[in-house]
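Each chain is listed here by its residues.
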Number of protein chains: 4
Amino acid sequence: MRVERLESEPAYSFGPREPALTVPPGTVVELSTEDCFGGAVRGVDDLPSRVCQFPYLNPVTGPIAVEGAEPGDTVAVHFVDIRPRRDWAVSTTFPHFGALTATHTTAMLHDPLPELVWRYEVDVDRWTCRFHARGSDFSIDLPLDPMHGTVGVAPAAHEVIMSITPGAHGGNMDTPEMRAGTTAYFGVNVDGALISLGDGHCRQGEGEVCGTAVEAAMSTVVVVDLVKGAACPWPRLEDDRYLMSTGTARPLEDAFRISQHDLVGWTGHLLGLDTLDAYQLVSQTGLAPAGNVVDTNYTMLAKIAKDVVGVPAFDGVHDRLRATAARYLAER
Amino acid sequence: MRVERLESEPAYSFGPREPALTVPPGTVVELSTEDCFGGAVRGVDDLPSRVCQFPYLNPVTGPIAVEGAEPGDTVAVHFVDIRPRRDWAVSTTFPHFGALTATHTTAMLHDPLPELVWRYEVDVDRWTCRFHARGSDFSIDLPLDPMHGTVGVAPAAHEVIMSITPGAHGGNMDTPEMRAGTTAYFGVNVDGALISLGDGHCRQGEGEVCGTAVEAAMSTVVVVDLVKGAACPWPRLEDDRYLMSTGTARPLEDAFRISQHDLVGWTGHLLGLDTLDAYQLVSQTGLAPAGNVVDTNYTMLAKIAKDVVGVPAFDGVHDRLRATAARYLAER
Amino acid sequence: MRVERLESEPAYSFGPREPALTVPPGTVVELSTEDCFGGAVRGVDDLPSRVCQFPYLNPVTGPIAVEGAEPGDTVAVHFVDIRPRRDWAVSTTFPHFGALTATHTTAMLHDPLPELVWRYEVDVDRWTCRFHARGSDFSIDLPLDPMHGTVGVAPAAHEVIMSITPGAHGGNMDTPEMRAGTTAYFGVNVDGALISLGDGHCRQGEGEVCGTAVEAAMSTVVVVDLVKGAACPWPRLEDDRYLMSTGTARPLEDAFRISQHDLVGWTGHLLGLDTLDAYQLVSQTGLAPAGNVVDTNYTMLAKIAKDVVGVPAFDGVHDRLRATAARYLAER
Amino acid sequence: MRVERLESEPAYSFGPREPALTVPPGTVVELSTEDCFGGAVRGVDDLPSRVCQFPYLNPVTGPIAVEGAEPGDTVAVHFVDIRPRRDWAVSTTFPHFGALTATHTTAMLHDPLPELVWRYEVDVDRWTCRFHARGSDFSIDLPLDPMHGTVGVAPAAHEVIMSITPGAHGGNMDTPEMRAGTTAYFGVNVDGALISLGDGHCRQGEGEVCGTAVEAAMSTVVVVDLVKGAACPWPRLEDDRYLMSTGTARPLEDAFRISQHDLVGWTGHLLGLDTLDAYQLVSQTGLAPAGNVVDTNYTMLAKIAKDVVGVPAFDGVHDRLRATAARYLAER
């Protein structure tokens, strides 16, 4: 088991860039990420519109080049461990950002909602983060469920895309399923794939309704791997129970359509079913939670239970990565 | 405990109509529903476009008038038991209907997808329904998870709305959460509320992607109740673990927005939180699954765990209805 | 030339109802309509949320039954004359209504925009209406371009639909093209068709962005006619220069798709073109203005110049109705 | 009057790049552009999916750096002349591209529509292009109305965006208003602004429904200018009769909202009106045609007549550029 440590300068986009680390498939990579505010929002008086500066938002760590990865292949990023690095985290409203507010694209004549910061106390021992209401003395401990909002590869067509924009290359999909134990798959667009990640969340609800999650700097361990010759037109996820397709687009029904279309194709491929048979099976057994409904593109997930599908995806790479992760954790 | 039996002619819309049954709040009602095809699709050769005739689709049973229900109140419909009445059920594609096909409103120049029927074997003892692929010999037993796609009340503004259209009055929301153990709440628009229901499903995936679920005639028991003076602008659901708001609209992000907006307001009301505090709490703890993304309006759900909220909704009517249901089931 | 006078009580929906007038095809009908506020907003202090009461908004005059009209036919409504009945008209913002504000379906946490009334002076002799700014002394005369926002027939499937909701039956499409000189076509859903109309506008921009036009009571003359055996799945319009298809739906791209799909089919039918040839011809020659982007459904238009098409639509009924209109106006 | 000739290699994206030409404000620039297929589709047998290769589509000419242009300024691009360079042009369907077909984002299970090429004969003397149906012998001369589908500047946030994607930086907006006589305004994101353009159309309908216009290589003359210190958050257009705001987004109602929001702000600014007064004035006088409803983002326009506004925009730069253009054309 090869273990590498990744150190990199923060970047704010996905695109062709010099790799910060180049590793063979199967390598465990230890890294750390800053929160989406670059660490500048530390308390309720640090309004993001004052302490942050566009476009220096949502820094990502990387990129990691995977040796041998070429267009036409798929890279796998398995999350071994995601752990908050501080005893606090923050969430905020942000002017003209969020699902229940006018935005720059859902343009309206309203004044922005008030900009507020919530500071959560993070207790890694108890595995909780504590919410305190701003307008009353209500507070509650919420279980930690750490995840990365932003994971992806260099886009196709030589594009350079802001790290806050999700798309077919992954990026800021903001789904709570991107947690330890999950393997994420991305189609490769450039040699090495160039994986970057950031935007750690102590937890988030589906949809990330107010626009930000419980944002935290993370200490994270991944295993990266390579599936040669396997296409993955949109990012896919796998955990021990589910295969998951993602779709990222606007309007939200297009994100839904992409994710379901991909899951129908994937299920049909794995089970040798006709398209319409796969459509039927997914229709009766699938789950369809929102990822984000706030970013420049929205993300929906389409999930099917692995006990319905019954055959391994991507040649069983998830199980192998789980084994590597277990070995790493045992030896650490 | 008062128990009534509802018999009614099939109806195909929600609107003001003579009640088929008038009951006081707290009454247990036993009823049966036909499937969405009116029972006319019985095998793979019964194409719905041939054996069904628009608008005689999706028959509903009812309406039930609740004594004392007036505009400004909320009626509760608790599902005690939903049980397939036959040893088979069907699902189909239907020309220009479904999420992954051109439709009459998402109008395109494609020929319709092939119209196919899948016949499921239903085994109530084993609590399964068996899927058989049409194009191969793949088959699989799926667990039953019976529910009603269509439940609602007479709409506001004297409208008469087809039973296949969901809206603020409920109707064809097609969410798998409408199962036994769930209480559905509807704002009352006309005296008596006029509750109707139908469209039983042995199970369905979230989104009801192909347009139809595992459609079945059902033998169903509900308890109806009344919460005087409580507003419910969009249908809400409650089970033992979650409070759920629904939103029904197009595009899908508007369905999402409605559901989240309602859940933010509901959570804030129950916990005495400022709106933005409730927005924050829901953002970090909520779930957001699709209901349907195929009907004339789409439905999204916004869910929050009752152990986050910690206080009873609608004066605890769900628990009382659970108790009534338990008594009924014990005595039956 | 037969001329009838229609008198009717205001109605607030499209649906099966007793005809207020039954006429043979070709009859000229004189009628009057109240404005969308029922005449209750008369000055800047008459806020609609105070002086109007849901659902008693947007009254329509009618219905007119056309003798011999049956499902499968198309009725034609030609606008001979539309003339403001008063020397004033009003427009308003309305809480949570309009394109640049949160609404009940595009649900957000903003407070509503301020509710304001603008009173226009109408001068029929000079054919102008005068806008006065509320917050400054800017004012300007705008040319009158009178039209009806709401025109339609009884819907299919026995539905009863509020007069403020547009759809396949027509209704509140709010397109400025519904002016004198235009013929509107509607597919017939019930015997007699049951034509109603209202919501006169002294003028409106495309999109009706703030939610209301320059709203006025009108004195209107139409000729109604019947095209036996001609289908018209969505309302169509024709004036001396253009054939126009409408599409009404959400999201707005579906309204666009419906309108373009209908115009492609209509053009192909008239010219004997293959579907893809018609698609190409419409793509290079069509116009695509917004109707309304504020109502419960949005409306887009697809227009093609009649000198491109070169053959008469609906057997030339528009020209015949123009001739009838000219005769009526000459004799009046 | 300074006149420069621009020669450049084709580029396929908007982004920071070495200028091909650097000019002071007020310079006339002569240039030529290739068609969106790079000239590879020359007849009905040249299917784009065979003769073109993603992402080498929609080449643009440029970039032109404008001396003194900095972030916070606005550059003006006035079209003096746009003239087809060949006696033919082409249009095509393209698999999974267009408004009335399933696409990669509006993902469906349909097979693609047939891929067809239409070849138009272009006659610059008669100022016509001739459409020939593929499936019949119908043909018709259509007037030339040459324009550029793609015009824009380097995007904000260091992004590199494919030339087929429109956005706040302009790009592939595909509006027929981008014709000779029009001035286009773009907010500057990088020093020099870096203007590129391409995608000439002999003509196109609003919406560009089938996905491509009458595509042609062009010989084009522009004047570029600079408005210091003037913001332009979304591209704006001006011709002799109208001020036009654009909005580019999905869903289409967001493109509509952006364009109307911008026009309300622009009109209010020019006339010194309160926001709601400007909202009202635009609502009653504006036009709202579609640009494109096929590209990766959709574009809507919001237009207001200059005789309603009555005061010059951007310090009257359009009139000055018209004068320059007239001088150039007189001297050429």
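Residues numbered from 1 in each chain as written. Chains lettered and ligands numbered in written order. Predicted model: local features only at pLDDT ≥ 70, side-chain atom pairs only at ≥ 80, totals over all residues. Heavy atoms only, no water.

Looking up chain A in an unreviewed UniProt entry gives the name Acetamidase/formamidase, with the organism given as Actinokineospora cianjurensis.

Q: Please clarify how the interface of chain C and chain A should be interpreted in this entry.
A: Taken together, the contact between chain C and chain A spans 13 residues of the former and 13 residues of the latter. For the pair chain C and chain A, the summed buried area comes to about 1,100 Å², and 66% of that belongs to carbon and sulfur atoms. Interface area lost by chain C to chain A is led by Leu100, Met108 and His110 of chain C, which between them contribute 48%. Scanning the region where chain C abuts chain A turns up zero salt bridges. Across the side of chain C that touches chain A, the residue classes break down as eight nonpolar, three polar and two charged. (Contact = heavy atoms within 4.5 Å. Buried area = accessible area lost by both parts, 1.4 Å probe. Salt bridge = Lys/Arg side-chain N within 4 Å of Asp/Glu carboxyl O. Nonpolar A, V, L, I, M, F, W, Y, C, P; charged D, E, K, R; others polar.)

Q: Just to check I follow, could you spell out the relation of the copies chain C and chain A for this structure?
A: These two copies of the chain differ by a rotation about an axis and a displacement along the same axis. You can overlay chain C on chain A at an RMSD of 0.0 Å; the transform is a turn of 180° with a shift of 0.0 Å along its axis. The transformation just described matches what one would write down for a two-fold rotation axis. Counting the interface residues of chain C, we find that 100% of their copies in chain A are interface residues as well, pointing to one common contact surface. (Least-squares fit on C-alpha atoms with pLDDT ≥ 70 in both.)

Q: Honestly, the sheet that holds strand β10 (residues 139-143) of chain C in this entry has me stumped. Any pointers?
A: Note: strands within a sheet are paired through backbone hydrogen bonds, in either parallel or antiparallel orientation. As summarised here, the arrangement of the four strands in space is β7-β8-β9-β10 (chain C), forming an open sheet in which the pairing is antiparallel. Two strands bound the open sheet, and with one partner strand each, they are β7 (88-92) and β10 of chain C. Taking each pair of neighbouring strands and ignoring which way they run, the sheet shows an average axis angle of 30°. In the sheet, β7 of chain C pairs with strand β8 (residues 117-123) of chain C via five bridges, with the strands oriented antiparallel. Pairing of Ser91 of chain C across the sheet is with Trp118 of chain C, part of β8 of chain C. Against the sheet, helix α3 (residues 275-285) of chain D engages β7, β8, β9 (128-132) and β10 of chain C, with an angle of about 40° to β8 of chain C. (Pairing = 2+ DSSP bridges. Helix = DSSP H or I, 4+ residues; strand = E, 2+ residues; numbered from the N terminus. Axes fitted to C-alpha atoms, helices over the stretch in contact; angles between N-to-C directions.)

Q: Explain helix α3 (residues 275-285) of chain A here, please?
A: Structural remark: α-helix, 3.6 residues per turn; residues separated by three or four positions point the same way. Taken across its eleven residues, α3 of chain A has ten buried, putting it largely inside the fold. Along α3 of chain A, the positions that sit buried rather than exposed are Leu276, Asp277, Ala278, Tyr279, Gln280, Leu281, Val282, Ser283, Gln284 and Thr285 of chain A. (Buried < 20%, exposed > 50% of the residue type's maximum accessible area, 1.4 Å probe, protein only.)

Q: What is the right way to look at the interface of chain D and chain C in this model?
A: The parts lose accessible area when they come together, and the size of an interface is often stated as this lost area. Between chain D and chain C, the contact holds 60 residues from the first and 60 residues from the second. Roughly 4,800 Å² is buried in total at the junction of chain D and chain C, and carbon and sulfur atoms are behind 64% of that figure. Of all residues in chain D, the largest losses of buried area upon contact with chain C belong to Leu276, Tyr279 and Gln284 of chain D, amounting jointly to 15% of the total for that side. Summed over the shared surface of chain D and chain C, the number is 36 residue pairs in polar contact (both at pLDDT 80 or more). Those elements that place two or more of their residues in the side of chain D that touches chain C are β7 (88-92), β8 (117-123), β10 (139-143), α2 (252-271), α3, β19 (298-305) and α4 (306-309) of chain D. (Polar contact = N/O pair within 3.5 Å; in protein donor to acceptor, adjacent residues only side chain to side chain.)

Q: What's the story with unusual backbone geometry in this structure? I'm lost.
A: Across residues other than glycine, the phi torsion is negative in most instances, and most of the peptide bonds are trans. Pro63 of chain C follows Gly62 of chain C through a cis peptide bond whose omega is 0°. Pro55 of chain D follows Phe54 of chain D through a cis peptide bond whose omega is 0°. Its location among the elements puts Pro55 of chain D in the loop between α1 (48-51) and β5 (60-66). The phi angle at Asp174 of chain A is positive, at roughly 55°, despite the residue not being glycine.

Q: Looking at this structure, how should I read the packing of helix α2 (residues 252-271) of chain C against α2 of chain D?
A: The geometry of a pair of packed helices is captured by two quantities: the angle between their axes and the separation between those axes. Orientation of α2 of chain C relative to α2 of chain D, taken along the N-to-C sense of each, is 110°, at an axis distance of 6 Å. By the angle class used here, α2 of chain C and α2 of chain D are roughly perpendicular. In this structure, α2 of chain C uses Leu252, Glu253 and Phe256 of chain C to contact α2 of chain D, whose residues at the interface are Leu252, Glu253 and Phe256 of chain D. Split into classes, the residues belonging to the contact of α2 of chain C with α2 of chain D amount to four nonpolar, no polar and two charged. (Parallel < 35°, antiparallel > 145°, perpendicular 65-115°, else oblique.)

Q: Is there a simple way to explain the side chain of Thr299 of chain D in this structure?
A: Relative to the helices and strands, Thr299 of chain D is located in strand β19. For Thr299 of chain D, the residues in contact, after removing those within four places along its chain, are Pro166, Met173, Thr246, Gly247, Thr248, Ala255, Ala290, Gly291 and Asn292 of chain D.

Q: What is the right way to look at the packing of α2 of chain C against helix α3 (residues 275-285) of chain C in this model?
A: All names here are of chain C. As a packed pair, α2 and α3 sit with axes 8 Å apart at the nearest point and diverge in direction by 115°. By the angle class used here, α2 and α3 are roughly perpendicular. Here α2 runs over α3; the crossing is right-handed. Contact with α2, carried on its side by Gln260, Leu263, Val264, Thr267, Gly268 and Leu271, involves Thr275, Ala278, Tyr279, Leu281 and Val282 of α3 and no other residues of that element. Residue composition of the contact of α2 with α3, by class: seven nonpolar, four polar and no charged. (Left-handed = near helix turned anticlockwise from the far one by under 90°.)

Q: How should the pattern of salt bridges be read in this particular structure?
A: If charged atoms from side chains of opposite charge come close, those side chains can pair. Tallying each qualifying case throughout the model produces 76 salt bridges over all chains. Between Asp240 of chain B and Arg322 of chain B there is a salt bridge, with the nearest N and O atoms lying 2.6 Å from each other. Here Asp240 of chain B is found in the loop between β17 (236-238) and β18 (242-249), whereas its partner Arg322 of chain B is found in helix α5 (residues 317-331), with 82 residues between them in sequence. The partly exposed category is assigned to Asp240 of chain B, whose relative accessible area is 43%. Owing to a relative accessible area of 32%, Arg322 of chain B belongs among the partly exposed residues under this scheme. With its nearest N and O atoms 2.8 Å apart, the salt bridge here joins Asp262 of chain C to Arg236 of chain C. In this pair, Asp262 of chain C sits in helix α2 while Arg236 of chain C sits in strand β17 (residues 236-238), placing the two residues 26 residues apart along the sequence.

Q: Would you mind showing me how to read the relation of the copies chain D and chain C here?
A: Mapping chain D onto chain C is achieved by rotating through 180° and translating by 0.0 Å along the same axis, at an RMSD of 0.0 Å. Residue by residue, 100% of the interface of chain D is reproduced at the interface of chain C, so both copies engage with the same surface.

Q: Looking at this structure, how should I read the sheet that holds strand β11 (residues 147-152) of chain C?
A: Residue and element names in this part refer to chain C. With respect to topology, five strands assemble into an open sheet ordered β3-β5-β15-β11-β13, the strand pairing being mixed. The outermost strands of the open sheet, each flanked by one partner alone, are β3 (21-23) and β13 (170-171). Relative to strand β15 (residues 195-201), β11 runs antiparallel, the two sharing five bridges. Directly across from Val151, in β15, lies its bridge partner Leu197.

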